[in-house]
Amino acid sequence: MTGSTCKLNTSRPSDAVYWCESGSGEFSNSVNITVQKAQSVLTVSPSWLSAGASVTLNCRVKDQSAGWRFYWYKTVPDPSDNFYSYELLPGSSSGTEQDSYIVDGQTHTAGYVCRAGRGDPVFYTDYSQPQFVWSADFHSSASLTVSPDRAQHFTHFSVSLSCEGNSAEWRVRRSPENRYLSDCSTWRTMTGSTCKLKITSFSDAVYWCESGSGEFSNAVNMTILIIQSDTRWELNISAVSKSDEGFYKCQHSRQESAQSWMSVQVSRLKSFSFAVPLIVGLVSGVVLVIPLLVLLCYRASDDSCFVRPVQSESANRDCVDCQSDNYSALLHGDVCVYETIRGPQEAEHDDEPEESSVYMNVQMRSATGQ
């Protein structure tokens, strides 16, 4: 009090009803004073980590007046307290004049908060709501697995969210879009390190695990496809082949699901089992054909007949005349081959049908004389 005036320290404001009392025992009118602290709002970019990328934090105060300094913190999970403790990031113990802060080298899921302060003594705003950068990469100290593992899930079905790593205490968190952060104990019950979730239209969110030792797991973005009146449609692909491999998605009532990749693997054992009958058939055919060919060749050689040309006596006497003998073409029958021999005198009388012929039938036998 300075005379009749009381000056409040706004660094520790509180809501209250105020009045004056005089030395003569009188009361003044009362005044209800509500104190609202300035609010800090944090945004992070990007939301999902990629290799080699930096994370940019931006903090703003709803009271746009000047003179604020900004303080930056990393969240540390504390499952026993159901919230977080905060650790100052390097270089921000005295606050920064800039309303942005860059984090380099972040590789795993992490949470951040900020607040602002000004004056002497310093008046601080409330901490901002935690904001997260998520990573889908697994690491041994903390990991989250979802069963069944799908790109999108359907309402009225259940999924299991299981935490694994170097801790005996876990909680499963989720961050729905435009809604507050919550953990499994508020919408389901944790059984050991597993949270079993029955999917509803409000289950569309990013999920991750937090360990009792203060670590974050990989994050999983679950997309929920609403099934109205439990109506289900199926696409059946018969005789699946490698050409059916690719992305698939469905549409219903102007809503579109996330796409899922279907891979097709050709079974080597199945391909080999298909080729075995073909190979056996070809080998059997060859084995059967070869004896038949041998038998046919032997039969042909056993029954063949040849004709040896025989010269007439006149041809033996006169070799010159022999050169002018006309020989008919060999005629091939089923059993024998014959040759017709004409003498020189007969060549001059082609118009006459008579001819002098000598036939010799020679049959080939095997070496055994049969």
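Because the structure is a prediction, the values reported are computed rather than measured.

Caption draft 1: Up close: the overall build of the protein chain. A count of helical and extended segments in the protein chain gives five helices and 27 strands. Of all 370 residues assigned to the protein chain, the portion counted as buried reaches 28%. Carbon together with sulfur atoms contributes 53% to the accessible area of the protein chain, which is approximately 25300 Å² in total.

Caption draft 2: Region of interest: the nonpolar core. In terms of nonpolar packing, the biggest core is built from 20 residues, with Leu57, Trp72 and Tyr112 touching the most fellow members. Mapped onto this core, the elements with two or more residues apiece are β3 (40–45), β4 (55–61), β5 (69–78), β7 (100–103) and β8 (110–118). With 18 residues, the next largest nonpolar core counts Leu144, Leu161, Trp170 and Val172 among its residues.

Caption draft 3: Representation of the sheet that holds strand β19 (residues 216–225) within the structure. An order of β12-β19-β18-β14-β15 is seen for the five strands of this open sheet, with the pairing classed as mixed. What marks the edges here is a single partner per strand, and that holds for β12 (152–154) and β15 (182–183). Here β12 pairs with β19 via three bridges, running parallel. Within the sheet, the bridge partner assigned to Gln152 lies in β19 and is Thr223.

Caption draft 4: Summary view of the confidence of the model for the protein chain. Predicted confidence across the protein chain gives a mean pLDDT of 76, with 71% of residues reaching 70 or more. Mean pLDDT per element in the protein chain: helix α4 (residues 319–323) is the minimum at 41, and β7 is the maximum at 96.

Caption draft 5: Representation of the state of the cysteines. For the structure shown, the criterion picks out three disulfides. Each sulfur of the disulfide joining Cys163 and Cys209 lies 2.1 Å from the other. On the sign convention where negative is left-handed, the bridge of Cys163 and Cys209, at about -85 degrees about the S-S bond, is left-handed. Placement of Cys163 in strand β13 (residues 158–165) and of Cys209 in strand β18 (residues 205–211) is noted, with a sequence separation of 46 residues between them. With relative accessibility at 0%, the residue Cys209 sits in the buried group. What pairs with Cys184 in a disulfide is Cys195, and their sulfur atoms sit 2.0 Å apart. In this structure, the disulfide formed by Cys184 and Cys195 twists by about 85 degrees around the S-S bond and is classed as right-handed. Taken as a pair, Cys184 in helix α1 (residues 184–187) and Cys195 in strand β17 (residues 194–198) lie far apart in primary sequence, 11 residues in all. You'll find Cys184 and Cys195 in the same group, each marked buried. Here the cysteine-cysteine linkages of the protein chain are recorded as 1-2, 3-6, 4-5, numbering only bonded cysteines and doing so in sequence order.

Caption draft 6: Molecular detail of the sheet that holds β3. Here three strands make up an open sheet; going across it, the order is β3-β4-β7 and the pairing antiparallel. Only two strands of the sheet have a single partner each, and these edge strands are β3 and β7. Between one strand axis and the next, the sheet turns through 20 degrees on average, direction left out of account. With six bridges connecting them, β3 and β4 associate as antiparallel partners. For Val41, the partnering residue across the bridge sits in β4 and is Arg60.

Caption draft 7: The arrangement of the packing of aromatic side chains in detail. Going through the model one piece at a time under the given rule, you end up with 16 aromatic pairs. Taking the centre distance of 6.3 Å and the plane angle of 50 degrees together, the rings of Tyr73 and Tyr86 count as tilted. One end of the pair, Tyr73, is in strand β5; the other, Tyr86, is in strand β6 (residues 83–88), and 13 residues separate them in sequence. The ring centre of Tyr124 lies 4.0 Å from the NZ or CZ of Arg115, which sits over that ring.

Caption draft 8: Structural context of the environment of Ala168. Relative to the helices and strands, Ala168 resides in the loop between β13 and β14 (170–176). Here the alpha-carbon distance between Ala168 and Ser213, two residues 45 residues apart in the chain, equals 8.9 Å.

Caption draft 9: Main features of unusual backbone geometry. The omega torsion of the bond from Asp120 to Pro121 falls at 0 degrees, within 30 degrees of zero and hence cis. Looking at the element boundaries, Pro121 is found in the loop between β8 and β9 (123–124). With an omega dihedral of 0 degrees, the bond running from Ser147 to Pro148 counts as a cis peptide bond. Considering the arrangement of structural elements, one finds Pro148 in the loop between β11 (142–147) and β12. Backbone geometry places Ala239, a non-glycine residue, at a positive phi of 50 degrees.

Caption draft 10: Spatial organisation of the pairing of β8. Counted residue by residue, β8 has eight buried out of nine residues, so it is predominantly covered. Where β8 lies against strand β10 (residues 131–133), three bridges are found, and the strand directions are antiparallel. Residue Gly111 lies in a different strand from β10, and its bridge partner there is Phe132. For β8 and β9, the ladder comprises two bridges, and the chain directions are antiparallel. From the neighbouring strand, Arg118 faces β9, where its bridge partner is Phe123. Between β8 and β9, which pair antiparallel and follow one another directly, the connecting turn spans four residues, one of which, Gly119, has a positive phi of 90 degrees.

Definitions and cut-offs
- Residues numbered from 1 in each chain as written.
- Predicted model: local features only at pLDDT ≥ 70, side-chain atom pairs only at ≥ 80, totals over all residues.
- Heavy atoms only, no water.
- Helix = DSSP H or I, 4+ residues; strand = E, 2+ residues; numbered from the N terminus.
- Buried < 20%, exposed > 50% of the residue type's maximum accessible area, 1.4 Å probe, protein only.
- Areas by Shrake-Rupley, 256 points an atom, 1.4 Å probe, with all protein chains shown as cover.
- Core = buried A, V, L, I, M, F, W, Y, C linked by side-chain atoms within 4.5 Å.
- Pairing = 2+ DSSP bridges.
- pLDDT = per-residue confidence, 0-100.
- Disulfide = S-S within 2.5 Å.
- Axes fitted to C-alpha atoms, helices over the stretch in contact; angles between N-to-C directions.
- Phe/Tyr/Trp six-rings, centres within 6.5 Å; stacked < 30°, edge-to-face > 60°.
- Lys NZ or Arg CZ within 6 Å of the ring centre and 35° of its normal.

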